[in-house]
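So you can see what is in the structure, the chains are spelled out below.
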Amino acid sequence: MLSRKRRPVTFDAAVEEALLLDAMLLLPPRQRFAVRSVVTRNWSVTDIAAHTGWTRGQVHNLLRAGLKTLSEQGGSAAAPS
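Residues numbered from 1 in each chain as written. Predicted model: local features only at pLDDT ≥ 70, side-chain atom pairs only at ≥ 80, totals over all residues. Heavy atoms only, no water.

## Comments concerning the overall build of the protein
Within the protein one finds four helices and zero strands. Reading the protein from its N terminus to its C terminus gives the helix and strand order α-α-α-α. Within the protein, the fraction of its 81 residues that count as buried is 20%. Look at the contacts in the protein between residues 6 or more apart in sequence, and 46% of them connect residues 24 or more apart. (Helix = DSSP H or I, 4+ residues; strand = E, 2+ residues; numbered from the N terminus. Buried < 20%, exposed > 50% of the residue type's maximum accessible area, 1.4 Å probe, protein only. Contact = heavy atoms within 4.5 Å.)

## Some details on the nonpolar core
Counting residues in hydrophobic clusters, the biggest one holds 13 residues, and the most contacted among them are Val35, Val59 and Leu70. Of the residues forming this core, the biggest block, four residues, is contributed by helix α4 (residues 56–78). Apart from residues lying up to four places away in sequence, Leu70 is in contact with Leu20, Ala23, Met24, Leu27 and Val35. (Core = buried A, V, L, I, M, F, W, Y, C linked by side-chain atoms within 4.5 Å.)

## Notes on the pattern of salt bridges
Inspection of the entire model under this criterion finds one salt bridge. Notably, a salt bridge pairs Glu72 with Lys68, separated by 3.9 Å at the nearest N-O pair. Of this pair, Glu72 and Lys68 both sit in helix α4, four residues apart, which is roughly one turn of the helix. (Salt bridge = Lys/Arg side-chain N within 4 Å of Asp/Glu carboxyl O.)

## Some points on unusual backbone geometry
Of note, the phi angle at Asn42 is positive, near 60°, even though the residue is not glycine. Relative to the assigned elements, Asn42 resides in the loop between α2 (29–41) and α3 (45–52). Look at Asn42 and you get exposed, because its relative accessible area is 67%.

Written out as structure tokens, the structure is:
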């Protein structure tokens, strides 16, 4: 039987991932869809626009707003209290 060699996951990395997932769930649905499509599906703005019927400008604005929110929440979550 073959076993996978796994890199040990540190507690801090697991917490960061959980915080990111929580922040993603707080995004409005269209922002969440746009960000998730770019990150997990590797879709471009054009791809998202083609699949949704949104304009490229709308997609760009959704991505910008979603990523800004995630970076702001990530920064505040990582800061010591």
